[in-house]
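Below, each chain spelled out in residue letters.
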Amino acid sequence: MPPTLASLVHHSALKLTVRAGEERLATPVRWAHASELADPVPYMEGGELLLITALKLDAEDPEAMRRYVRRLGQAGVAGLGFAVGVHYATIPDALVDAAAEEGLPLLEVPRRTPFLAISKAVSAAISAEQYQAVTAGFAAQRDLTKQALGGGPAGLLAALAGQVDGWAALYDATGAVVAAAPEWAARRAARLTPEVERLHARTPPASLVVGGEADRVELHTLGTSRRPRAALAVGTGAPLGTAERYAVHSAIALLTLTTERSRSLHEAEQRVGAAVLRMLLAGEPEHARTAAGSLYGDLLDAPYRLIIAEAASATAARAHADGRTAPHGAPRPVDAPRPVAGERAVAAPVRAGEPPAGPLAALAEHVEAAAARAGEALLVVPDGERLVLLTADGGAAARACVGYAAAVDQARTTGQALAGRTDEPVMGLSAPAGPIAAATAYRQAEQALSVARRGGRALVEHEEVATGSVVQLLSDDAVRAFADGLLRALREHDATGRGDLVASLRAWLSRHGQWDAAAAELGVHRHTLRYRMRRVEEILGRSLDDPDVRMELWLALKATSGTE
């Protein structure tokens with residue numbers, strides 16, 4: 001503990017006597033300072049024991065002493081030491097009364113005790129307190145290191161909670177609590193998730209203090225990368241002392257080392273995962289199992305889902321690169337899936353890339369945290385501007401992807417960015433597959449991703465593509481451009497008032513070419529309808545007897561039905 005006025009009074013060599021303020025002798029003393037100024041307050045920081053001889057004070061003037069003592073008290077001075085036998089044989093009553101009235105401790109310093117002795121005593125006590133704190137800090141560091149090596153993060157948190165006489169919790173990159181000590185602290189820590197998310201938005205290293213004096217919580221980021229990998233919370237009933245501060249800093253260092261080590265292992269695991277996924281896509285599940293060993297548990301044997309994700313900005317760039325902006329309004333080609341390996345065919349496109357960044361990193365952290373909490377195996381492979389995930393069918397990781405996408409879609413609907421982000425992932429989810437059908441699952445995920453890109457959705461499952469209507473695939477700009485170009489001549493004809501060819505064509509196609517039924521729907525004679533269909537053929541220069549022509553015209557009408 002730091003020196004107090006009481007410890008100085010009990011110091012046998014100083015012979016100090018208390019003349020006022022006995023009830024405040026437990027006040028800590030930050031330093032001892034001698035000053036004969038009439039107003040020393042501008043040169044004080046608070047917490048000092050002020051030593052005076054009253055050389056320039058009228059110590060017998062009650063009003064002057066009340067002003068002097070009151071100003072010292074307002075400045076946070078710990079106490080006043082008055083040397084007797086120098087200018088005054090005893091402490092004047094005016095000063096004693098003013099100190100008692102203000103509640104400021106007043107110590108009588110005998111002539112044989114120099115101020116220097118008091119300063120040395122305070123300095124020695126402060127040094128001893130600091131040495132004790134450093135020693136306790138080293139002891140805490142040894143204990144925390146031992147616990148970290150033997151019990152992992154959970155053991156370290158338990159030791160830290162004991163060191164600070166409070167509680168400690170560890171959060172993952174998503175702000176979820178992964179460990180806490182004591183156990184009851186997990187509930188308290190979970191209520192701080194919004195603050196942890198706010199802390200993660202800062203550039204590390206960063207810290208944050210929340211709560212009041214009786215429930216004070218410090219939050220610290222962990223890791224050395226630009227995105228915090230984890231966070232530490234330390235809750236106490238009072239501000240941390242020097243020894244407790246050493247313990248917290250040691251815990252931060254140890255957890256950072258653990259986090260960075262885990263990060264290196266994670267990157268190595270991703271490289272293994274890329275090789276495993278290449279083997280699966282090449283139709284070599286046995287080789288994939290051998291390469292994976294026990295790394296992914298039974299993930300490769302149970303039904304799994306394959307997910308391909310890319311950032312919305314990459315989606316826009318891919319669309320531009322694929323030539324969606326064709327000159328002169330010509331029909332633009334739709335996206336073609338990237339080539340993937342067939343069954344036991346050429347090498348798959350998946351390759352070990354750099355760790356994901358931006359929105360893909362946030363998605364990876366969210367899904368990995370969900371899988372870790374559920375004790376579930378997960379294969380995550382960065383693939384250029386994409387992220388490929390292999391998750392257990394119906395598992396926590398797959399549900400986390402669906403939930404993440406739902407939050408993104410909801411944010412888009414309300415016009416708000418999710419957690420301050422604007423470039424969110426777009427995902428395609430395959431149907432459940434087994435190890436021999438990985439290439440099919442990859443192709444399904446790409447097809448679902450293509451539909452998600454076209455429809456402006458965060459996630460599309462392949463089941464929706466396989467069981468839904470083909471009409472939903474016609475929302476692409478390229479398809480609309482094709483449809484507008486195909487029907488433009490007919491619409492220009494109708495605009496002159498010389499007949500309703502577009503409506504007539506739609507009715508005739510919807511009735512499968514049945515003249516009477518289509519004419520009845522339009523309310524015209526069948527000969528009129530026959531004439532209109534001949535005009536359609538003449539204007540388009542194409543025969544309606546050709547099934548391909550009828551198909552293209554019907555799709556064009558469906559693609560533009562919402563714009564007419």
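Above this text sits the structure in question.
To start, this report covers the structure provided alongside it. (Residues numbered from 1 in each chain as written. Predicted model: local features only at pLDDT ≥ 70, side-chain atom pairs only at ≥ 80, totals over all residues. Heavy atoms only, no water.)

Regarding the overall build of the protein
This is how it is decided: Every helix listed is a DSSP run of H or I at least four residues long, and every strand listed is a run of E at least two residues long, numbered separately from the N terminus. Throughout this description, buried means an accessible area under 20% of the type-specific maximum (1.4 Å probe, protein chains only), exposed means over 50%, and partly exposed covers the range between. Any two residues whose heavy atoms approach within 4.5 Å at even a single point are treated as in contact. Here the open area of atoms and residues is found with the Shrake-Rupley method and a 1.4 Å probe, where only the protein chains shown may cover a residue.
A count of helical and extended segments in the protein gives 18 helices and 15 strands. Among the 564 residues that make up the protein, the fraction classed as buried is 45%. Pairs at least 24 residues apart make up 63% of the contacts formed inside the protein by residues separated by at least 6 positions. Within the structure as shown, the protein displays about 27,200 Å² of accessible surface, and the carbon and sulfur contribution to it stands at 54%.

Some details on the sheet that holds strand S8 (residues 207-210)
What counts, and what does not: For two strands to be treated as a pair, DSSP must find at least two bridges joining them. Angles shown run from 0 to 180 degrees and are taken between the N-to-C directions of axes, each axis being a line fitted to C-alpha atoms and, for helices, limited to the stretch in contact.
The strand order S7-S6-S10-S9-S8 describes an open sheet built from five strands, whose pairing is antiparallel. The open sheet has two free edges, formed respectively by strand S7 (177-181) and S8, since each of these has just one partner strand. Each strand of the sheet is rotated relative to its neighbour by a mean of 15 degrees, with strand direction disregarded. Two strands pair when backbone bridges link them, and S8 and strand S9 (residues 216-222) are joined in this way by four bridges, in the antiparallel orientation. What sits directly across from leucine 208, in S9, is leucine 219.

Thoughts on empty space enclosed by the protein
Our working definition: Any residue with an atom within 4 Å of a point lines the site, the site being either a cavity, points on a 1 Å grid over the protein atoms alone where a 1.4 Å probe fits but cannot get out, or a pocket, an open set with protein on both sides within 12 Å along at least 5 of 7 lines. Grid points are joined across faces, edges and corners, and a volume is the space filled by probe spheres set on the points.
This model, assessed by the stated rule, comprises one cavity of 30 Å³ or more. Size it by volume and the largest cavity reaches roughly 40 Å³. Lining of the largest cavity is provided by Arg66, Val69, Arg70, Ala98, Glu101 and Glu102. Counting residues per element, the ones that place at least two in the lining of the largest cavity are helix H2 (62-74) and helix H3 (93-102).

Digging into the environment of leucine 5
With respect to the element layout, leucine 5 can be found in helix H1 (residues 5-9). For the pair leucine 5 and glutamate 22, spaced 17 residues apart in sequence, the C-alpha separation works out to 9.6 Å. In contact with leucine 5, other than residues within four places in its own chain, are Arg24, Leu25, Thr27, Val29, Leu49, Ala78, Gly79, Pro105 and Leu107.

Notes on the packing of aromatic side chains
We apply this condition: Put simply, two rings from Phe, Tyr or Trp (the six-membered ring, in Trp's case) pair if the centres are within 6.5 Å, and we call them stacked under 30 degrees between planes, edge-to-face over 60, tilted for the rest.
Taken as a whole and judged by the stated rule, the model has two aromatic pairs. Ring geometry for phenylalanine 82 versus tyrosine 88: centroids 6.1 Å apart, planes at 55 degrees, classification tilted. A relative accessible area of 17% places tyrosine 88 in the buried class. Measuring from centroid to centroid gives 5.5 Å for tryptophan 508 and tryptophan 515, while their planes differ by 40 degrees, and the two rings are tilted. For tryptophan 515, a relative accessible area of 22% gives the class partly exposed.

Considerations on the nonpolar core
Under the convention used in this document: Remark: nonpolar core denotes a set of buried residues (Ala, Val, Leu, Ile, Met, Phe, Trp, Tyr, Cys) joined through side-chain atoms within 4.5 Å.
Among the nonpolar cores identified, the biggest contains 28 residues, and Val276, Leu277, Leu280, Leu306, Leu379 and Leu390 are the most heavily contacted of them. Those elements that provide at least two residues to this core are helix H7 (242-281), helix H8 (285-292), strand S11 (304-311), strand S12 (378-383), strand S13 (386-392) and helix H12 (438-455). Excluding anything up to four places from it in sequence, leucine 306 contacts Leu277, Val388, Leu389, Leu390, Gly428, Leu429, Ser430, Ala438, Ala441, Tyr442 and Ala445. Counting residues in hydrophobic clusters, the runner-up holds 26 residues, among them Met44, Val77, Ile91 and Ala99.

Examining the pattern of salt bridges
Applicable threshold: Any Lys or Arg side-chain nitrogen located within 4 Å of an Asp or Glu carboxyl oxygen qualifies as a salt bridge.
Counted by the stated rule, this structure contains 21 salt bridges. Close ionic contact of glutamate 446 with arginine 386 constitutes a salt bridge, the shortest N to O distance being 2.3 Å. With glutamate 446 in helix H12 and arginine 386 in strand S13, the pair connects residues that are 60 residues apart, well separated along the chain. One connected set of salt bridges, linked through shared partners, spans Arg305, Asp393, Glu461 and Glu463.

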